[in-house]
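Understanding the architecture of this molecule
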Amino acid sequence: MTTELPYAADAEESLSFDELEVLRLQYQKELAQAHVTIQTKFNYAWGLVKSPVREHQVEGVRLLQEIYRAEPGRRRECLYYLALGHYKMGNYEEARRFNALLLDKEPANLQAQSLASLIDTRVTREGYIGMAIVGGVAALSTLALATIIRRASRK
């Protein structure tokens, strides 16, 4: 029996420019009419979060947070995309927080389990990168200090 989880494909897949444009035009049309439906707002936010463009992701998360606050009945469906948006923006603690809320409600949600694994992997990898940078800086500092001490002792 395999233990692999279905991949959180939304972490890598984006909508095409044309697909996102359709969602944007619908959202702006309803906005101009002073009545944006929750579904239109959610669809546009979903498309923005999936975008590779950080500004789109930020706007998508903002719209999802508005829905999350205003529509208690839609919170569960916002949680995954809030977690995904924060993950894609590198806000791993926020991503974990929203994903954990979803897993509390749906422990068997395979996409959320997969996203949790992606978040953990990214945090670990960035932790290693951070340690390597700190180690490199420490080594260079030690070398510079040794050079200064050596020059001072020659005088």
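Residues numbered from 1 in each chain as written. Predicted model: local features only at pLDDT ≥ 70, side-chain atom pairs only at ≥ 80, totals over all residues. Heavy atoms only, no water.

Right, let's get into helix H3 (residues 54-70). Between its terminal C-alpha atoms H3 stretches 24 Å, which fits the 24 Å expected from 17 residues at 1.5 Å a residue. Listed as buried for H3 are Gln57, Gly60, Val61, Leu63, Leu64 and Ile67. Buried positions in H3, seen along its axis, are confined to an arc of 165° and lie on one side of it. Facing away from the buried side of H3 by more than 90 degrees, the exposed set consists of Glu55, Arg69 and Ala70. In this fold, the buried residues of H3 make contact with helix H1 (17-32), helix H2 (38-50) and helix H4 (75-89). (Helix = DSSP H or I, 4+ residues; strand = E, 2+ residues; numbered from the N terminus. Expected span 1.5 Å × (residues − 1). Buried < 20%, exposed > 50% of the residue type's maximum accessible area, 1.4 Å probe, protein only. Arc of directions from axis to C-beta. Contact = heavy atoms within 4.5 Å.)

Next up on the list: the environment of Ser14. Looking at the secondary structure, you find Ser14 in the segment before H1. Remark: the alpha-carbon pair of Ser14 and Ser51, spanning 37 residues in sequence, is separated by 5.1 Å. Every residue in contact with Ser14, bar those within four places of it in the chain, is listed here: Lys50, Ser51 and Pro52.

What follows deals with the packing of H4 against helix H5 (residues 92-105). Where H4 contacts H5, the axes come no closer than 7 Å and their chain directions differ by 155°. Relative to H5, H4 is oriented roughly antiparallel. The element H4 and its partner H5 pack so that their crossing is left-handed. Here Arg76, Leu79, Tyr80, Leu82, Ala83, His86 and Tyr87 of H4 lie close against H5, whose contacting residues are Tyr92, Glu94, Ala95, Phe98, Asn99, Leu101, Leu102 and Lys105. When grouped by side-chain class, the residues that make up the contact of H4 with H5 number 10 nonpolar, two polar and three charged. (Axes fitted to C-alpha atoms, helices over the stretch in contact; angles between N-to-C directions. Parallel < 35°, antiparallel > 145°, perpendicular 65-115°, else oblique. Left-handed = near helix turned anticlockwise from the far one by under 90°. Nonpolar A, V, L, I, M, F, W, Y, C, P; charged D, E, K, R; others polar.)

The subject of this paragraph is the layout of surface pockets. Reported here for the largest pocket is a volume of approximately 150 Å³. As for the largest pocket, its lining consists of 13 residues, of which Phe17, Leu20, Glu21, Ser51 and His56 are closest to the centre. Elements supplying a minimum of two residues to the lining of the largest pocket: H1 and H2. The element contributing the most residues to the lining of the largest pocket is H1, with four residues. Looking at the lining of the largest pocket residue by residue, the classes come out as seven nonpolar, four polar and two charged. (1 Å grid on protein atoms, 1.4 Å probe; cavity = no way out; pocket = protein on both sides within 12 Å on 5 of 7 lines; lining within 4 Å. Points joined across faces, edges and corners; volume = space filled by probe spheres on them.)

Attention now goes to the packing of H1 against H2. Contact pair H1 / H2: the axes reach a minimum separation of 9 Å and the direction vectors enclose 145°. Here the hand of the crossing between H1 and H2 comes out left-handed. Across from Leu20, Leu23, Arg24, Gln26, Tyr27 and Glu30 in H1, the residues of H2 making contact are Thr40, Lys41, Asn43, Tyr44, Trp46, Gly47 and Leu48. A per-class count over the contact of H1 with H2 returns six nonpolar, four polar and three charged.

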